[in-house]
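# Survey of secondary and tertiary structure
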Number of protein chains: 2
Amino acid sequence: MAPRTPRIGEFDLIERWFTRPAARSPLGVGDDCALVAPGAGMQLAVTSDMLVEGRHFVRTVEPRRLGHKALAVNLSDLAACGAQPLAFTLAIALPGVDEAFLDGFAQGLLALAERHGIELVGGDTTAGPLTVCITAFGEVPAGGALLRSGARVGDTLWVSGRLGDARLALEGMRDAALLDADASERVRVAMELPEPRVALGVALRGIATSAIDLSDGLSGDLAHVLRRSGVGATVQADALPMSADLAAQPVETQRLCTLSGGDDYELLFTAPARALDAVLRAASDAAVEVTAIGRIEATPGARFVDGRGAPVPGFAGFDHFAS
Amino acid sequence: MAPRTPRIGEFDLIERWFTRPAARSPLGVGDDCALVAPGAGMQLAVTSDMLVEGRHFVRTVEPRRLGHKALAVNLSDLAACGAQPLAFTLAIALPGVDEAFLDGFAQGLLALAERHGIELVGGDTTAGPLTVCITAFGEVPAGGALLRSGARVGDTLWVSGRLGDARLALEGMRDAALLDADASERVRVAMELPEPRVALGVALRGIATSAIDLSDGLSGDLAHVLRRSGVGATVQADALPMSADLAAQPVETQRLCTLSGGDDYELLFTAPARALDAVLRAASDAAVEVTAIGRIEATPGARFVDGRGAPVPGFAGFDHFAS
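Here goes a summary of the coordinates provided. (Residues numbered from 1 in each chain as written. Chains lettered and ligands numbered in written order. Predicted model: local features only at pLDDT ≥ 70, side-chain atom pairs only at ≥ 80, totals over all residues. Heavy atoms only, no water.)

## Focus: the pattern of salt bridges
- Evaluated as defined, the whole model comprises 28 salt bridges over all chains.
- Between Glu53(B) and Arg59(B) there is a salt bridge, with its nearest N and O atoms 2.8 Å apart.
- A single network of salt bridges, built from pairs that share partners, joins Arg65(A), Glu185(A), Arg188(A) and Glu192(A). (Salt bridge = Lys/Arg side-chain N within 4 Å of Asp/Glu carboxyl O.)

Spelled out as structure tokens, the structure:
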């Protein structure tokens, strides 16, 4: 291994870049374990995501954005369970000690953590190909987590925010979509700085019957909900919310990006039709827009239809091993 | 990415190799989060370790042993806190879907998990350079965790098991130590199949004043305890427990391997001198040998002396960024 700057020991590295006073967790960075205590009557929700250079991000990504996204994708999983984030651990492999990278990465990571009132409580640093593994912890009332398995026939299918901009950014990078400079930067921000829907997930406790976060694309993630819930769905493809940048693209690009985009980090959830007002109130409290995009049905599988009811050719979800 | 075998989707991969019925955790693999609930009055101890090919293990390691070790190093951290393991998550980057590798890795991993009565509750799989990141959870009575910061002047310094065989294996591989075939295999087992001292850690609750697991070498790990506790220590280098294989090596090799070996995964702990009987009873209950190797003193720093009281040249701890 050839460090790019003068050598800094592993322990100095943790102390310099990642240690902040632990205010909330009983014990923070620096012992064999961190200690985390959920409140009385609460369960701990746990999620872990690994980001690998060249697969989940490009070498040229701004370190600050990478730090943000690495935590954001985990908070998005907590949001999908309706969990309130508490703390996280970071394990990172670095090809060398690059101070500019670590400065930016830590800033992006810890800024998002601070915004959600959570702390880095432990982890591991090592030499190796750039890989970031974050495990995040949240609390949820015992028995109150939003699961993938709770969708019921007749439920309305909802999605938060807008879909497809992250995939549009990828299409732009591949020269498969034409974007001017401003649009390019906007969709790149959508890809690199996703906003986890934590407040919405918490607000949907007791209202939504199921939830999942959209990381692999709507069609693939919806399939998980349908399979686990033992139901099917019809989705109004023309109702899928999208940005003006995506709306300016050919309809094929719109379908590709909204239906099998990946990296949206919006919440896909179901709720009984009679819960309409409660859903809209939760969305308003969380300051996130939500859109009704379909209905849960007894017939298994997902059917995507356009505004005239004609079927839209389906798309497979994004799969890290099959794409 | 070029998979080595016919493509298998990420979700199939999790289901086929890593899904077991979740008996104890409220919710296992397959939702956005896993749910973990520590018992009443218990805190959750959390630890995360990342193993990278070429740095923590060689390409030729038996997959079954790698699966064992990846979990063992995390359980060792829980042991050092006196925590009873509950569950773990696995994030793994794989260069391709190699069925023989996954078979062996999952077997080694899940066999150790089963032996400790814990479950894989979630995680992530992706394509990338072979990297394993495990986060493990244990429970410990609130306020009862063994910390690095509790060593007091006058305490006896103890170590479990035997030190240095893992480093001796490395020296053998580097042709820096002569070992016959049987000895080579024995020390390689010590390196690749460490036994986390979970039962000892739990038995030492309320007895030990501080504890750490030996992952980076005695001299370096002891320095953490001394620094955090604001004390110093004198260590009897000739009292350090070692195997017959290491005892057959030149004294310089013995010192190197026992004092700055790394990868021992034994517990280094302190206890008041009057707790001698309690320590020996805990060790006996846990079926692990323990050895008194020194004493905590007020003078900062660690002093390593031989049987005649003469100083032994010190060694630095192993550091993944400085070695």
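## So, the pairing of strand S8 (residues 232–236) of chain A
All names here are of chain A.
- Across the 5 residues of S8, 4 count as buried, placing the element largely inside the fold.
- Relative to strand S10 (residues 290–297), S8 runs antiparallel, the two sharing 4 bridges. Within S10, the position partnered with Thr234 by the bridge is Arg295.
- Bridge count between S8 and strand S11 (residues 301–305): 5 bridges; the pairing is parallel. Bridging across to S11, Ala233 finds its partner in Ala302. (Buried < 20%, exposed > 50% of the residue type's maximum accessible area, 1.4 Å probe, protein only. Helix = DSSP H or I, 4+ residues; strand = E, 2+ residues; numbered from the N terminus. Pairing = 2+ DSSP bridges.)

## As for the packing of helix H4 (residues 165–173) of chain A against helix H9 (residues 251–260) of chain A
All names here are of chain A.
- Their axes nearest at 8 Å, the elements H4 and H9 cross at an angle of 125°. Between H4 and H9, the angle falls in the class oblique. As for the relative orientation of H4 and H9, their crossing is right-handed in sense. Of the residues in H9, those touching H4 at Arg167, Leu168 and Glu171 are Thr253, Leu256, Cys257 and Ser260.
- Looking at the contact of H4 with H9, its residues break down into 3 nonpolar, 2 polar and 2 charged. (Axes fitted to C-alpha atoms, helices over the stretch in contact; angles between N-to-C directions. Parallel < 35°, antiparallel > 145°, perpendicular 65-115°, else oblique. Left-handed = near helix turned anticlockwise from the far one by under 90°. Contact = heavy atoms within 4.5 Å. Nonpolar A, V, L, I, M, F, W, Y, C, P; charged D, E, K, R; others polar.)

## Considering the packing of aromatic side chains
- Tallying each qualifying case throughout the model produces 5 aromatic pairs over all chains.
- Between Phe137(A) and Phe137(B) the ring centres are 5.7 Å apart and the planes differ by 90°, which places this aromatic pair in the edge-to-face class. Linking Phe137(A) in strand S5 (residues 131–141) with Phe137(B) in strand S5 (residues 131–141), this pair reaches from one chain into another.
- For Phe137(A), a relative accessible area of 0% corresponds to the buried category.
- Measuring from ring centre to ring centre gives 6.2 Å for Trp158(A) and Phe269(A), while their planes differ by 5°; the resulting arrangement is stacked. Taken together, the residues span a long stretch of sequence, with Trp158(A) in strand S6 (residues 156–160) and Phe269(A) in strand S9 (residues 267–271) at a distance of 111 residues.
- Relative accessible area serves as the criterion here: at 4%, Trp158(A) is assigned to the buried category. (Phe/Tyr/Trp six-rings, centres within 6.5 Å; stacked < 30°, edge-to-face > 60°.)

## Details of helix H7 (residues 218–229) of chain B
Residues and elements named next belong to chain B.
- Taking 1.5 Å per residue as the helical rise, H7 with its 12 residues ought to reach 16 Å, and the 16 Å between its terminal C-alpha atoms agrees with that figure.
- For H7, the tally of buried residues reaches 9 of 12 residues, placing the bulk of the element in the interior.
- Among all positions in H7, only Leu218, Ser219, Gly220, Asp221, Leu222, His224, Val225, Leu226 and Ser229 are buried.
- Directly after H7, the chain includes Gly230, whose backbone phi takes a positive value near 70°. (Expected span 1.5 Å × (residues − 1).)

## So, the sheet that holds strand S10 (residues 290–297) of chain B
All names here are of chain B.
- On the basis of which strands lie adjacent, the open sheet formed by 6 strands has the order S7-S9-S6-S10-S8-S11 and mixed pairing. This sheet does not close on itself; its edge strands, each paired only once, are strand S7 (210–213) and strand S11 (301–305). Along the sheet, successive strands turn relative to each other by an average axial angle of 25°, direction set aside.
- Pairing of strand S6 (residues 156–160) with strand S9 (residues 267–271), which is carried by 4 bridges, proceeds in the antiparallel orientation. Within the sheet, the bridge partner assigned to Leu157 lies in S9 and is Thr270.

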